[in-house]
Amino acid sequence: PLEPPQRFLDLYPEDWYLDRRQYAALCTMWDEVLFNLTSALKSKGMWENTILLFSSDNGGPVYWSLDDDFPHGAGANNWPLLGGKVSNWEGGVRVASFLSGGLVPQKMYGRKLSAYIHFCDWYATFCSLAGVDPEDKVAEM
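Anyway, here's the lowdown on the structure attached to this text. (Residues numbered from 1 in each chain as written. Predicted model: local features only at pLDDT ≥ 70, side-chain atom pairs only at ≥ 80, totals over all residues. Heavy atoms only, no water.)

A tally of regular secondary structure across the protein gives 5 helices and 2 strands. Secondary structure of the protein in N-to-C order comes out as α-α-β-α-β-α-α. Over its C-alpha trace the protein gives a radius of gyration of 19 Å, far above what one expects of a compact globule, namely 14 Å for 141 residues. When burial is assessed residue by residue, the protein has 23% of its 141 residues classed as buried. Considering only intrachain contacts with a sequence separation of at least 6, the fraction spanning at least 24 residues in the protein is 50%. (Helix = DSSP H or I, 4+ residues; strand = E, 2+ residues; numbered from the N terminus. Rg over C-alpha atoms; globule rule 2.2 N^0.38 Å. Buried < 20%, exposed > 50% of the residue type's maximum accessible area, 1.4 Å probe, protein only. Contact = heavy atoms within 4.5 Å.)

See below:
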(Lines give C-alpha, C1' and ligand atoms only; values in the text may rest on other atoms or scores of the structure.)
Protein backbone atom coordinates (compact mmCIF):
# COMPACT_ATOMS: atom_id res chain seq x y z
CA PRO A 1 0.00 0.00 0.00
CA LEU A 2 1.04 3.59 -0.58
CA GLU A 3 1.24 5.05 2.93
CA PRO A 4 3.58 8.05 3.04
CA PRO A 5 3.93 10.13 6.19
CA GLN A 6 1.56 13.10 6.08
CA ARG A 7 4.37 15.70 5.98
CA PHE A 8 5.51 14.31 2.61
CA LEU A 9 1.96 14.04 1.27
CA ASP A 10 1.38 17.70 2.16
CA LEU A 11 4.11 18.72 -0.31
CA TYR A 12 1.90 17.83 -3.29
CA PRO A 13 -1.23 19.55 -4.60
CA GLU A 14 -4.53 18.27 -3.30
CA ASP A 15 -6.01 18.44 -6.78
CA TRP A 16 -3.76 15.53 -7.83
CA TYR A 17 -5.54 12.24 -7.44
CA LEU A 18 -4.60 10.65 -4.13
CA ASP A 19 -2.61 7.71 -5.52
CA ARG A 20 -0.37 10.06 -7.52
CA ARG A 21 0.22 12.27 -4.47
CA GLN A 22 1.07 9.23 -2.36
CA TYR A 23 3.52 7.87 -4.92
CA ALA A 24 5.23 11.25 -5.31
CA ALA A 25 5.37 11.66 -1.52
CA LEU A 26 7.06 8.28 -1.13
CA CYS A 27 9.64 9.23 -3.76
CA THR A 28 10.35 12.44 -1.85
CA MET A 29 10.63 10.44 1.36
CA TRP A 30 13.31 8.29 -0.31
CA ASP A 31 15.26 11.46 -1.12
CA GLU A 32 15.33 12.30 2.57
CA VAL A 33 16.17 8.74 3.61
CA LEU A 34 19.13 8.63 1.22
CA PHE A 35 20.32 12.04 2.41
CA ASN A 36 20.17 10.86 6.02
CA LEU A 37 21.96 7.61 5.19
CA THR A 38 24.78 9.26 3.26
CA SER A 39 25.15 11.98 5.90
CA ALA A 40 25.46 9.36 8.64
CA LEU A 41 28.06 7.38 6.69
CA LYS A 42 30.08 10.54 6.02
CA SER A 43 29.91 11.69 9.65
CA LYS A 44 31.20 8.29 10.81
CA GLY A 45 34.03 8.36 8.25
CA MET A 46 32.55 5.35 6.43
CA TRP A 47 31.61 6.97 3.11
CA GLU A 48 35.03 6.44 1.52
CA ASN A 49 34.60 2.67 1.93
CA THR A 50 31.02 2.57 0.73
CA ILE A 51 29.26 1.63 -2.48
CA LEU A 52 25.65 2.75 -2.59
CA LEU A 53 23.53 1.32 -5.39
CA PHE A 54 19.98 2.53 -5.81
CA SER A 55 17.91 0.90 -8.50
CA SER A 56 14.33 0.12 -9.29
CA ASP A 57 13.31 -3.42 -10.10
CA ASN A 58 10.74 -2.45 -12.77
CA GLY A 59 9.19 0.61 -14.30
CA GLY A 60 6.61 2.36 -12.15
CA PRO A 61 3.17 0.78 -11.69
CA VAL A 62 0.63 2.58 -13.85
CA TYR A 63 -2.32 0.17 -13.68
CA TRP A 64 -5.70 0.92 -12.13
CA SER A 65 -7.57 -1.41 -9.81
CA LEU A 66 -10.39 -3.35 -11.43
CA ASP A 67 -12.03 -3.94 -8.04
CA ASP A 68 -15.05 -1.66 -7.50
CA ASP A 69 -14.36 -1.74 -3.75
CA PHE A 70 -10.82 -0.41 -4.26
CA PRO A 71 -10.99 2.58 -6.62
CA HIS A 72 -7.26 3.28 -6.71
CA GLY A 73 -4.34 3.19 -9.08
CA ALA A 74 -0.67 2.80 -8.47
CA GLY A 75 0.33 6.43 -8.98
CA ALA A 76 3.41 6.15 -11.17
CA ASN A 77 4.08 7.99 -14.41
CA ASN A 78 6.60 6.57 -16.88
CA TRP A 79 5.98 9.18 -19.56
CA PRO A 80 7.25 9.39 -22.26
CA LEU A 81 7.79 5.63 -22.11
CA LEU A 82 4.93 3.26 -22.90
CA GLY A 83 3.87 0.73 -20.28
CA GLY A 84 4.81 0.12 -16.67
CA LYS A 85 5.44 -2.55 -14.09
CA VAL A 86 4.30 -6.01 -15.29
CA SER A 87 4.66 -5.05 -18.95
CA ASN A 88 7.46 -5.67 -21.42
CA TRP A 89 7.15 -2.19 -22.88
CA GLU A 90 10.05 0.15 -22.24
CA GLY A 91 8.17 1.80 -19.36
CA GLY A 92 8.08 -1.56 -17.61
CA VAL A 93 11.70 -2.61 -18.00
CA ARG A 94 13.74 0.59 -18.30
CA VAL A 95 14.55 2.09 -14.92
CA ALA A 96 16.81 4.65 -13.37
CA SER A 97 19.58 3.69 -11.01
CA PHE A 98 22.66 5.29 -9.59
CA LEU A 99 25.89 4.24 -7.97
CA SER A 100 27.67 6.46 -5.48
CA GLY A 101 30.14 6.29 -2.64
CA GLY A 102 33.82 6.64 -1.98
CA LEU A 103 34.73 3.34 -3.64
CA VAL A 104 33.40 4.49 -7.01
CA PRO A 105 36.44 5.22 -9.21
CA GLN A 106 36.92 8.97 -9.75
CA LYS A 107 36.90 8.53 -13.54
CA MET A 108 33.25 7.41 -13.22
CA TYR A 109 32.07 10.47 -11.26
CA GLY A 110 29.25 12.27 -13.04
CA ARG A 111 29.07 9.76 -15.90
CA LYS A 112 25.75 8.76 -17.39
CA LEU A 113 25.58 5.33 -18.94
CA SER A 114 22.69 4.12 -21.05
CA ALA A 115 23.74 0.53 -21.73
CA TYR A 116 21.50 -2.38 -20.85
CA ILE A 117 22.22 -4.02 -17.53
CA HIS A 118 20.57 -6.72 -15.48
CA PHE A 119 20.63 -6.38 -11.72
CA CYS A 120 22.90 -9.41 -11.31
CA ASP A 121 25.48 -7.72 -13.58
CA TRP A 122 26.47 -5.55 -10.61
CA TYR A 123 28.05 -8.57 -8.90
CA ALA A 124 31.28 -8.46 -10.93
CA THR A 125 31.51 -4.70 -10.45
CA PHE A 126 31.15 -5.03 -6.68
CA CYS A 127 33.74 -7.82 -6.60
CA SER A 128 36.17 -5.70 -8.61
CA LEU A 129 35.72 -2.68 -6.34
CA ALA A 130 36.14 -4.90 -3.28
CA GLY A 131 39.25 -6.53 -4.77
CA VAL A 132 37.87 -10.06 -4.71
CA ASP A 133 37.58 -12.74 -7.40
CA PRO A 134 33.98 -12.98 -8.67
CA GLU A 135 34.32 -16.70 -9.39
CA ASP A 136 33.18 -19.04 -6.64
CA LYS A 137 36.07 -21.48 -6.37
CA VAL A 138 34.61 -23.11 -3.25
CA ALA A 139 31.51 -24.24 -5.15
CA GLU A 140 33.70 -25.99 -7.72
CA MET A 141 35.29 -28.27 -5.10
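This brings us to unusual backbone geometry. Geometrically, the link from tryptophan 79 to proline 80 is a cis peptide bond, its omega value of 10 degrees lying close to zero. Look at valine 86: it is not a glycine, yet its phi comes out positive at around 70 degrees. Secondary-structure assignment places valine 86 in the loop between strand S1 (52–55) and helix H3 (90–93).

Turning our attention to the pattern of salt bridges. Counted by the stated rule, this structure contains 3 salt bridges. Where glutamate 32 meets arginine 7, a salt bridge forms, and the shortest distance between an N and an O atom there is 2.5 Å. With glutamate 32 in helix H2 (residues 18–43) and arginine 7 in helix H1 (residues 6–9), this pair connects stretches of sequence that are 25 residues apart. For glutamate 32, a relative accessible area of 30% translates into the label partly exposed. Overall, arginine 7 belongs to the exposed group, its relative accessible area being 51%. A salt bridge links arginine 94 to glutamate 90, with the shortest nitrogen-to-oxygen separation between them at 2.7 Å. (Salt bridge = Lys/Arg side-chain N within 4 Å of Asp/Glu carboxyl O.)

Here the focus is the environment of asparagine 77. For asparagine 77, the location among the structural elements is in the loop between S1 and H3. For the pair formed by asparagine 77 and valine 62, sequence separation is 15 residues and the distance between their alpha carbons is 6.4 Å. Non-local contacts of asparagine 77, meaning those with residues more than four positions away in its chain, are made with Arg20 and Val62.

Purely geometric numbers; function is a separate question.
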